[in-house]
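Structure assessment
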Amino acid sequence: MAALGGVDVDAIMPVVAAVNAYAIGAVRREAAERRAERATGMDEKRWQASLGPI
């Protein structure tokens, strides 16, 4: 943010919003994967192996 000190706040806010949305999406995806692991008892590798070759 210090590097953007001379930039108008209206120009910075879309960048901040995009980074925020990316971070929230990454956390939600990770949480969904953890819930799926608990619900199925399979980690990602075991789940992929159960699907067989696609």
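Details of the structure are given in the entry above.
All of these numbers come straight from a predicted model, not from anything done at the bench. (Residues numbered from 1 in each chain as written. Predicted model: local features only at pLDDT ≥ 70, side-chain atom pairs only at ≥ 80, totals over all residues. Heavy atoms only, no water.)

1. Digging into the overall build of the chain
Helix and strand content of the chain: two helices and zero strands. Scaling as 2.2 N^0.38, a compact globule of 54 residues should have a C-alpha radius of gyration of about 10 Å, whereas the chain reaches 19 Å, well beyond that. Evaluated residue by residue, the chain yields a buried proportion of 2% over its 54 residues. Accessible area for the chain stands at about 4800 Å²; split by element, carbon and sulfur atoms hold 62% of it. Charge centroids of the chain, computed over 7 positive and 7 negative side chains, lie 10 Å from each other. (Helix = DSSP H or I, 4+ residues; strand = E, 2+ residues; numbered from the N terminus. Rg over C-alpha atoms; globule rule 2.2 N^0.38 Å. Buried < 20%, exposed > 50% of the residue type's maximum accessible area, 1.4 Å probe, protein only. Areas by Shrake-Rupley, 256 points an atom, 1.4 Å probe, with all protein chains shown as cover. Lys, Arg positive; Asp, Glu negative; His and termini not counted. Charge placed at Lys NZ, Arg CZ, Asp CG, Glu CD.)

2. Some points on helix 1 (residues 9-40)
The terminal C-alpha atoms of helix 1 lie 46 Å apart, and with 32 residues this matches the ideal 46 Å at 1.5 Å per residue to within 8%. Positioned one or two residues after helix 1, G41 has a phi angle of 75 degrees, which is positive. (Expected span 1.5 Å × (residues − 1).)

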